[in-house]
Amino acid sequence: MFSSNQVLQISGDLGHGDDLYNALEFALKSSGNISCFTRKDKPSKCVYQITEDGRYCTGWAYEGVKDGWTEFQFDFDLSIISQIISKYLSKQEIERDIWDGGYNKGFIMKAIPESLGSEYDGIKNPFYGIVEFRPYTCFYSK
């Protein structure tokens, strides 16, 4: 389980097939939440929300989906969820600088801080959040 003040931040390239999948899998395993989704007896629902500033957040719901969160309409499948997040982020614009090199669309994943408030940093009911994703510019210098 993440500590209450967990710091987790991972970036990756959307063009490198498994980067986002591996990051999400790592976060869910490290937080202890993957077993909540995969247990046989009363598994938690995997939920998501998109913040006003475009972050894609994933979380869990045990006894009902809380305000701001939406349940995925399929059984927990890490491959499908990572593909959905990747498709969403691939539609976002990235910043390109004037440096000589390559610019690829990527992601940055961060742990959602534990909070019992009704909203934190634009995330509704953040206590039920696990990680957030936002677009990221992957720069490869020449």
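All values reported here derive from a predicted model rather than from experimental measurement.

We now examine the overall build of the protein. Along the protein, the regular secondary structure elements total 3 helices and 8 strands. Start at the N end of the protein and walk to the C end: the helices and strands fall as β-α-α-β-β-β-α-β-β-β-β. Here the C-alpha atoms of the protein give a radius of gyration of 15 Å, agreeing with the 14 Å that 2.2 N^0.38 yields for 142 residues. Considered along the principal axes of its C-alpha atoms, the protein spans approximately 50 × 30 × 25 Å.

As a further point, take unusual backbone geometry. A negative phi angle characterises most non-glycine residues, just as the trans form characterises most peptide bonds. Despite not being glycine, Lys 42 shows a phi value in the positive range, around 50°. Here Lys 42 lies in the loop between α2 (34-38) and β2 (45-50).

The next thing to look at is the pairing of strand β8 (residues 129-141). With 4 bridges connecting them, strand β3 (residues 56-61) and β8 associate as antiparallel partners. Along β8, the bridge assignment pairs Cys 57 with Glu 132. With 11 bridges joining them, strand β5 (residues 101-111) and β8 adopt antiparallel strand pairing. In the strand pairing of β8, Gly 102 is matched with Tyr 140.

Here helix α1 (residues 19-31) contains 13 residues, and its C-alpha end-to-end distance of 18 Å stays within 8% of the 18 Å for a straight helix at 1.5 Å per residue. Within α1 the residues assigned to the buried category are Leu 20, Ala 23, Leu 24, Ala 27, Leu 28 and Ser 31. Taken end-on, α1 shows its buried residues confined to a sector of 125°, consistent with a single buried face. Where α1 is buried, its residues contact β1 (9-13), α2, β3, α3 (78-90), β5 and β8.

With that settled, consider the packing of aromatic side chains. All told, the structure shown has 10 aromatic pairs when counted by the stated rule. The interplanar angle of 15° and the centroid separation of 5.6 Å between the aromatic rings of Tyr 48 and Tyr 56 together place this pair among those described as stacked. What makes Tyr 48 partly exposed here is its relative accessible area of 23%. What makes Tyr 56 buried here is its relative accessible area of 4%. Each residue in the set Tyr 48, Tyr 56, Phe 72, Phe 74 and Tyr 88 is aromatic and connected to the rest through ring pairs, giving one cluster.

Within the secondary structure layout, Ser 115 lies in the loop between β5 and β6 (119-120). When sequence neighbours within four positions are dropped, the list of residues in contact with Ser 115 reads Tyr 120, Pro 126 and Phe 127.

We now examine the sheet that holds β2. Hydrogen bonds between backbone atoms are what pair the strands of a sheet, whose relative direction is either parallel or antiparallel. With respect to topology, 6 strands assemble into an open sheet ordered β1-β5-β8-β3-β2-β4, the strand pairing being antiparallel. At either margin of the open sheet sits one strand with a lone partner, and together these are β1 and β4 (70-71).

Another aspect to go through is the side chain of Ser 82. Structurally, Ser 82 is set in helix α3. Classification of Ser 82 as buried rests on a relative accessible area of 6%. A polar contact of 3.0 Å, which involves the side chain of Ser 82, links it to the backbone oxygen of Ser 79. Beyond its immediate sequence surroundings of up to four residues, Ser 82 is in contact with Leu 20, Tyr 21 and Leu 24.

Conventions used here
Residues numbered from 1 in each chain as written. Predicted model: local features only at pLDDT ≥ 70, side-chain atom pairs only at ≥ 80, totals over all residues. Heavy atoms only, no water. Helix = DSSP H or I, 4+ residues; strand = E, 2+ residues; numbered from the N terminus. Rg over C-alpha atoms; globule rule 2.2 N^0.38 Å. Pairing = 2+ DSSP bridges. Expected span 1.5 Å × (residues − 1). Buried < 20%, exposed > 50% of the residue type's maximum accessible area, 1.4 Å probe, protein only. Arc of directions from axis to C-beta. Contact = heavy atoms within 4.5 Å. Phe/Tyr/Trp six-rings, centres within 6.5 Å; stacked < 30°, edge-to-face > 60°. Polar contact = N/O pair within 3.5 Å; in protein donor to acceptor, adjacent residues only side chain to side chain.

Bear in mind that shape data such as this cannot, by itself, settle questions of function.
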